[in-house]
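# A closer look at the structure
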Amino acid sequence: VSVPTLSVCLTTRNAADRLPWWFERVRPYADEIVVAVDAGSSDGTFDFAARHADVTTSVELAGIVEPSRDWLAQQARGDWVLILDDDEALPVDAGQLLGPLLEDRRYTSYGLPVRWVVSDVDGRLAWLHCHPWHSAHWLRLWRNIPGLYLVPGTIHTTPVVLGHSRALPPAGPLALYHLNLLWSPRAAREAKVARYESLAGPEDPTAGEFYLYEDYQSTVELVSLPADESFPTALAPRPARRDGLTPSQTTTYAQLEDHLRKRAAARQMGG
Amino acid sequence: VASTLSVALITANSSNRLAWWCEQVRRYADHLVIAVDAGCVDDTLAVACRHADEVFAVDTGGEPTLVRDWLHHRCGDDWILLLDDDEILPADAACLLGPLLGDRTFTHYLLPIRQVVDCGADLGWVVDPRSGQKPAVRLWRNLGGLYRSGAGGVAPAVLGRGCSLPEDGPLGVYSLGSAWAGTVTTSALPATAIALDVPRSLGPLLSRTQVPEVSQVISTDQLRRHVITYCPTTPPWSATYRLVNAPTELTTNRGALLRVAVKNTSAALWPTSGCRRGRICLGNRWSTPEFGDEISMGDTSLLPNPVAPGEEVVVEAGLWTPRLPGRYRLTVELMREDDAWFSQHGVNPLILWVSVKSGDAPQATRHYVGRLPDDVDRDPSDPVPSLLVVRPSVRVLDTRDGSGLPDAARGPIGQDGLVVLRIGGAAGVVAHASGVTVMVTVLDADYHGWLAVFGTDGTKGEAFPVVHFADNRHPVTMTVTAALGVGRGHGRLSLHLSPGPVGATAQLLVDVCGYLLPAGRRSASSAQ
């Protein structure tokens with residue numbers, strides 16, 4: 001019996017400090033790793049990705065990754081697509097946990113519960129067990145059938161995937177660990193929120209409370225990580241730029257936009 | 001991954017061809033799944049049991065289309081191919097199907113249907129498109145929520161992008177009914193010869209020799225229930241809620257978790273689609289008696305999976321509390337996204353009265369942006385030059401049946417009762433309107449009193465009587481132009497019935513006829 005295959009797709013920029021860890025973490029369960037590197041990267045990210053990923057491309061972005069998501073997913077050849085960011089990880093036993101999901105014909109997509117990881121007062125790693133950090137689901141895993149899905153290019157967008165979706169149990173073993181709070185100092189996160197605010201529409205959520213969680217920390221319950229789970233609490237210094245593999249061509253932002261336009265036009269989804 | 005194929009067949013009285021048909025289909029099918037009409041008079045059931053992988057005896061009650069979707073849900077392969085017992089694919093179908101099933105682009109294929117006739121020495125298929133059938137969806141991906149097999153001869157409806165195979169291409173469905181009925185080609189019925197290994201005529205039906213062991217006969221009721229469950233037009237609007245647990249203390253401007261058990265008491269499957277529109281999920285909203293809606297649409301929580309009729313699931317619902325302390329009415333209920341709350345279809349929501357205390361979280365990091373209850377546009381005592389914009393009349397409140405705006409009050413309003421309507425941004429009124437012109441009707445009153453109409457400010461506005469009414473239950477109507485509330489009462493209009501005898505009531509109707517637009521503002525951001 002053949003087993004469904006999984007492509008993990010990553011869009012990244014200036015992530016040479018974390019990519020070694022990220023690849024080590026993802027490779028055990030990914031049949032294919034497809035990476036789009038922001039052409040504005042200046043720290044050897046493309047070089048590292050090109051040496052370790054199955055498919056590496058260079059894309060021109062404008063501050064957010066979403067315009068590349070749909071295009072990137074279409075470069076994947078696996079039966080399923082999993083979208084991860086470079087500060088996100090699945091549990092260590094993800095390979096075992098994913099198997100039954102990928103074989104289940106009842107669903108075309110899965111919403112993964114998200115766990116925002118922080119250090120507690122004793123320096124131990126834990127995740128925030130409080131809304132909105134906990135109980136939210138992010139739709140990141142879906143069948144790689146282009147006629148079935150579309151990922152809009154707007155900030156914090158949710159992919160459109162036809163068919164039944166399953167939201168995995170918030171307290172279950174398979175979750176998406178989000179490490180931005182652990183790895184980014186407050187000042188960097190404030191800058192990120194400011195950037196989101198400048199990009200979001202007047203009625204869009206800016207997600208400020210997600211990134212500035214310390215403002216609510218007095219009432220947030222923390223849950224320790226499982227015993228077999230661990231993450232680096234800090235990243236190695238970003239390596240200096242070095243000569244290495246460079247992209248032979250870059251997919252421009254206009255091409256990404258054109259791709260999305262054509263996909264939206266060609267989509268014949270009954271909803 | 002090599003894709004697998006289930007071929008699904010619904011048949012009756014086909015014992016004279018079924019064994020041959022199964023042999024043909026076996027060349028490319030991984031599994032044969034056959035539903036045999038329990039009313040068969042011949043040996044079809046026994047033949048099917050000998051040649052197919054799964055066989056069901058079905059009591060269609062004279063409606064054979066009832067069984068289609070049910071049967072397709074019994075298929076276990078990656079793709080489903082739909083054929084009738086007088087239809088086959090070409091001899092090299094296995095080669096032709098391989099690339100189609102392996103192509104990741106499409107969710108379904110439309111196959112040309114070719115009518116086969118007798119051409120003398122050979123068989124041929126009719127090339128005149130006027131006498132042939134149009135390509136039909138016969139091959140689709142077997143994935144949850146992606147297809148619904150039609151009734152009444154209608155092809156399955158499959159979501160996603162499909163591909164119509166060329167009418168003169170190598171792969172088509174050959175329909176043999178005409179050939180077996182003796183139809184021959186003529187100049188008016190030109191046909192292209194084709195090499196099909198097909199018997200030119202059928203023998204008699206085989207007598208029923210034995211009753212094979214089939215696990216059970218699927219009843220008409222079971223089939224009907226399935227059709228109703230999966231039919232997208234079956235109303236989903238019936239549910240019960242049970243509070244599993246709730247936080248004991250809530251503070252302003254922060255998250256909280258609520259566990260709610262939700263039971264599907266409707267006849268429909270509640271879908272949880274990866275696209276937003278039409279899926280069922282759990283939402284919440286916050287209001288106060290004095291100011292009406294504070295958060296008209298809180299965060300939504302997904303159901304864990306599609307919920308079948310009779311099934312109960314527990315949902316961990318995320319809430320974000322209002323930014324001002326006070327006592328709130330928290331309404332938790334299901335919604336069909338981009339459509340309606342269940343309460344708009346008569347389902348009682350889960351209502352909790354909760355106290356929210358002042359918290360210490362900075363107000364800078366908002367969960368909700370846009371217009372918030374504490375937004376202050378202007379000093380309420382400062383007159384604003386305005387333009388009157390006349391609109392077609394829209395009913396925003398009818399307490400006789402609860403119609404009007406979402407959460408409109410239902411039932412007679414008691415004496416000294418207060419009703420708050422969030423009109424700014426609704427009913428054709430722009431969000432930044434400074435006032436409204438409304439037609440207010442009081443009827444069925446059983447006491448003498450008056451109604452005050454005023455911009456919401458957290459009071460009962462006793463000093464502003466507008467509509468006087470008597471206890472004779474006769475309707476009294478008045479057209480009123482009133483400022484809308486500002487600050488926490490932004491965009492809202494309050495209606496207060498004067499105090500009266502204990503138990504006294506009246507019904508209220510409110511129709512919006514126009515609104516006031518602050519001079520210098522444009523109405524581009526029109527309301528939903």
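Shown above is the structure to which this text applies.
Before going into details, it helps to say that this report is about the structure given with it. If you're wondering where the values come from, they're calculated on a predicted model, not measured in any experiment. Think of each chain on its own: its residues are numbered from 1, step by step along the sequence as written. Chain letters start at A and ligand numbers start at 1, both assigned in the order the entries are written. In keeping with the predicted nature of the model, local features appear solely for residues at pLDDT of at least 70, side-chain atom pairs appear and are counted solely at 80 or more, and the whole-chain, interface and lining totals rest on all residues. Hydrogens and water molecules were not included; the side-chain quantities draw on all heavy atoms of the structure.

A few words now on the overall build of chain A. The helix count covers DSSP runs of H or I at least four residues long, the strand count covers runs of E at least two residues long, and both are numbered beginning at the N terminus. Along chain A, the regular secondary structure elements total 8 helices and 13 strands. Radius of gyration (C-alpha) of chain A: 18 Å, near the 18 Å computed for a compact globule of 271 residues. In terms of its C-alpha atoms, chain A occupies a principal-axis envelope of roughly 50 × 45 × 45 Å. A fraction of 78% describes how many contacts in chain A between residues 6 or more apart in sequence connect residues 24 or more apart. Surface exposure of chain A reaches about 11,200 Å², of which carbon and sulfur atoms provide 51%. His residues and chain termini do not enter the charge count, which takes Lys and Arg as positive and Asp and Glu as negative. Taken as the charge location is NZ of Lys, CZ of Arg, CG of Asp or CD of Glu. Across chain A, 25 positive and 34 negative side-chain charges occur, with their mean positions spaced 4 Å apart. Only C-alpha atoms enter the radius of gyration, while the globule expectation follows 2.2 Å times N to the 0.38, with N the number of residues. Should any heavy atoms of two residues lie within 4.5 Å, those residues are counted as being in contact. Areas reported here follow the Shrake-Rupley algorithm with a probe of radius 1.4 Å; residue values treat only the protein chains shown as occluding.

A few words now on the layout of surface pockets. Space inside and on the surface of the protein is sampled on a 1 Å grid over the protein atoms alone, with a cavity defined as a set of points where a 1.4 Å probe fits but cannot get out and a pocket as an open set with protein on both sides within 12 Å along at least 5 of 7 lines; lining residues have an atom within 4 Å of a point. Grid points are joined across faces, edges and corners, and a volume is the space filled by probe spheres set on the points. By volume, the second largest pocket amounts to about 1,100 Å³. Along the walls of the second largest pocket sit 44 residues, with His164 of chain A together with Gly145, Tyr230, Leu269 and Pro271 of chain B positioned nearest its centre. At the level of secondary structure, the elements contributing two or more residues to the lining of the second largest pocket comprise strand E10 (160–167) of chain A together with helix H3 (67–72), strand E9 (147–148), strand E10 (157–158) and helix H6 (220–230) of chain B. The dominant element in the lining of the second largest pocket, judged by the number of residues it contributes, is E10 of chain A, at 3 residues. Looking at the lining of the second largest pocket residue by residue, the class counts come to 20 nonpolar, 14 polar and 10 charged. Side-chain classes follow a simple rule in which Ala, Val, Leu, Ile, Met, Phe, Trp, Tyr, Cys and Pro form the nonpolar group, Asp, Glu, Lys and Arg form the charged group, and the remainder, Gly included, forms the polar group.

What follows concerns the packing of helix H3 (residues 66–73) of chain A against helix H8 (residues 253–266) of chain A. All names here are of chain A. Interaxial distance between H3 and H8 falls to 9 Å at its minimum, and their mutual angle equals 65°. With respect to H8, the element H3 is oriented roughly perpendicular. Between H3 and H8 lies a crossing whose hand is left-handed. Contacts between H3 and H8 involve Pro67, Ser68, Asp70 and Trp71 on the former and, on the latter, Tyr253, Leu256, His259, Leu260 and Arg263. The residue inventory of the contact of H3 with H8, partitioned by class, reads 5 nonpolar, 2 polar and 2 charged. In this analysis an axis means a line fitted to C-alpha atoms, helices contributing only their contacting stretch, and an angle means the value between N-to-C directions, from 0 to 180 degrees. Angles are sorted into four bins: roughly parallel if under 35 degrees, roughly antiparallel if over 145, roughly perpendicular if 65 to 115, and oblique for all others. Left-handed describes a crossing whose near helix is turned anticlockwise from the far helix through less than a right angle; right-handed describes the clockwise counterpart.

In this section: the sheet that holds strand E29 (residues 418–422) of chain B. All names here are of chain B. Should DSSP find at least two bridges between two strands, the strands are regarded as paired. With antiparallel pairing, the 4 strands of this open sheet are ordered in space as E29-E34-E31-E32. What marks the edges here is a single partner per strand, and that holds for E29 and strand E32 (465–469). Averaged over all pairs of adjacent strands, the angle between their axes in this sheet comes to 20°, without regard to strand direction. Two elements, strand E31 (residues 449–455) and strand E34 (residues 492–497), share 5 bridges in a ladder whose sense is antiparallel. Bridge pairing links Leu451 to Leu497 in E34.

Glancing now at the pattern of salt bridges. All names here are of chain A. For salt bridges, the criterion is a side-chain nitrogen of Lys or Arg within 4 Å of an Asp or Glu carboxyl oxygen. This model, assessed by the stated rule, comprises 37 salt bridges over all chains. One salt bridge connects Arg140 with Glu88, and the closest N-O pair in it is separated by 2.7 Å. Placement of Arg140 in strand E8 (residues 137–143) and of Glu88 in strand E5 (residues 88–89) is noted, with a sequence separation of 52 residues between them. An identical accessibility class is assigned to Arg140 and Glu88; each is buried. When the shortest N-O distance is used, the salt bridge between Asp104 and Arg106 registers 2.8 Å. Classification of Asp104 by relative accessible area gives buried; the value is 15%. Where salt bridges share partners, they join Arg186, Arg189, Glu190, Glu214 and Asp215 into one cluster. Exposure is judged per residue with a 1.4 Å probe applied to protein chains only, and the accessible area is read against the type maximum: over 50% gives exposed, under 20% gives buried, and values in between give partly exposed.

On to empty space enclosed by the protein, then. Residue and element names in this part refer to chain B. This model, assessed by the stated rule, comprises 2 cavities of 30 Å³ or more. Estimates place the volume of the second largest cavity at around 30 Å³. As for the second largest cavity, its lining consists of Gln24, Arg27, Ile88, Leu89, Pro90, Ala91, Leu196 and Asp197. In terms of residue class, the lining of the second largest cavity is built from 5 nonpolar, 1 polar and 2 charged.

Read these as layout, nothing more, since geometry by itself doesn't imply function.
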